[in-house]
Amino acid sequence: MGMRRDARERAVQFLFQYDLNRPEKVDEALDQFWASQHAAALKADKGKARWGETVELPPPTTEEAAIRSFADPLIRGTVEHLAEIDARIVQHAKNWDLGRMAVVDRNVLRLAIYEMLYRDDIPPVVSINEAVDIAKRFSTDESGRFVNGILDKVKGELMRPGRIVKT
């Protein structure tokens, strides 16, 4: 799995949290999220701390910093344009109320639609493929087809080619 996939998965995780429990300050919530991701990675690498032992966290690795530098703008952009993105989802998700969708699917869609609408450096087909794979991994068996169907409709409205990076 590549760095960008890791970053997108972390972005979906943050958006999931944001969706269920909106913080007052996104910046603080992001800092707390990244600190918890760093601590979890260290715990997996070094094991649990012993009782009463304080663990001093080293600075993030180069890979962790790269993941955050790719994911942060995706998260912030998705949150900033949430109303417009949700309107697109509702427009294309016939007979589906936004609140009835699986939370993972809804946030995978949000992230991919943000990329397709606002990130000219990412080809839309890449956003779709990544979203489908993430939905399959973190949601239900049917989620891949559901996500693909909606994102394909959004892609059809774009005023740019699906496979080319706009420069």
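You'll find the structure just up there.
These numbers were taken from a predicted model, which means no experiment stands behind them. (Residues numbered from 1 in each chain as written. Predicted model: local features only at pLDDT ≥ 70, side-chain atom pairs only at ≥ 80, totals over all residues. Heavy atoms only, no water.)

Re the packing of helix α3 (residues 62-80) against helix α5 (residues 103-118)
Put simply, α3 and α5 touch, their axes get as near as 9 Å, and they point 95 degrees apart. Taken together, the axis directions place α3 and α5 in an arrangement best described as roughly perpendicular. Within the contact between the two elements, α3 uses Pro73, Leu74, Gly77 and Thr78 and α5 uses Arg110, Leu111, Tyr114 and Glu115. For the contact of α3 with α5, a count of residues per class yields four nonpolar, two polar and two charged. (Axes fitted to C-alpha atoms, helices over the stretch in contact; angles between N-to-C directions. Helix = DSSP H or I, 4+ residues; strand = E, 2+ residues; numbered from the N terminus. Parallel < 35°, antiparallel > 145°, perpendicular 65-115°, else oblique. Contact = heavy atoms within 4.5 Å. Nonpolar A, V, L, I, M, F, W, Y, C, P; charged D, E, K, R; others polar.)

Notes on helix α6 (residues 124-138)
Counted at 1.5 Å a residue, the expected span for α6 with its 15 residues is 21 Å, and the 21 Å between its end C-alpha atoms agrees. Within α6, the full set of buried residues consists of Pro124, Val125, Ser127, Ile128, Glu130, Ala131, Val132, Ile134 and Ala135. Contacts made by the buried residues of α6 are with α1 (3-20), α5 and α7 (143-157). (Expected span 1.5 Å × (residues − 1). Buried < 20%, exposed > 50% of the residue type's maximum accessible area, 1.4 Å probe, protein only.)

Some remarks on the packing of aromatic side chains
Inspection of every chain in the model, using the stated rule, returns five aromatic pairs. Measuring from centroid to centroid gives 5.5 Å for Phe14 and Phe33, while their planes differ by 75 degrees, and the two rings are edge-to-face. One end of the pair, Phe14, is in helix α1; the other, Phe33, is in helix α2 (residues 26-46), with 19 residues separating them in the sequence. Overall, Phe14 belongs to the buried group, its relative accessible area being 3%. Judged by centre distance (5.5 Å) and plane angle (25 degrees), the ring pair of Tyr114 and Tyr118 falls under stacked. Within this pair, Tyr114 and its partner Tyr118 are both found in helix α5, separated by four residues, close to a single helical turn. Residue classification places Tyr114 among the buried residues on the basis of a relative accessible area of 9%. By relative accessible area, which is 30% here, Tyr118 ends up partly exposed. An aromatic cluster is defined as three or more aromatic residues linked by ring pairs; in this entry it consists of Phe14, Tyr18, Phe33 and Trp34. Against the face of Trp96 rests Arg100, its NZ or CZ located 5.0 Å from the ring centre. (Phe/Tyr/Trp six-rings, centres within 6.5 Å; stacked < 30°, edge-to-face > 60°. Lys NZ or Arg CZ within 6 Å of the ring centre and 35° of its normal.)

Side note on α1
For α1, spanning 18 residues, the distance from its first C-alpha to its last is 26 Å, which sits close to the expected 26 Å at 1.5 Å a residue. Residues of α1 that are buried: Arg5, Asp6, Ala7, Arg8, Glu9, Ala11, Val12, Phe14, Leu15, Tyr18 and Asp19.

Overview of the pattern of salt bridges
Taken as a whole and assessed by the stated rule, the structure comprises 14 salt bridges. Taking the shortest distance from any N to any O, the salt bridge between Arg110 and Asp19 comes out at 3.3 Å. With Arg110 in helix α5 and Asp19 in helix α1, the pair connects residues that are 91 residues apart, well separated along the chain. Comparing Arg110 with Asp19 shows no difference in burial state: the two are buried. Between Asp86 and Arg110 there is a salt bridge; the shortest N-O distance is 2.7 Å. With a gap of 24 residues between them, Asp86 in helix α4 (residues 82-92) and Arg110 in helix α5 connect regions that are remote in the sequence. (Salt bridge = Lys/Arg side-chain N within 4 Å of Asp/Glu carboxyl O.)

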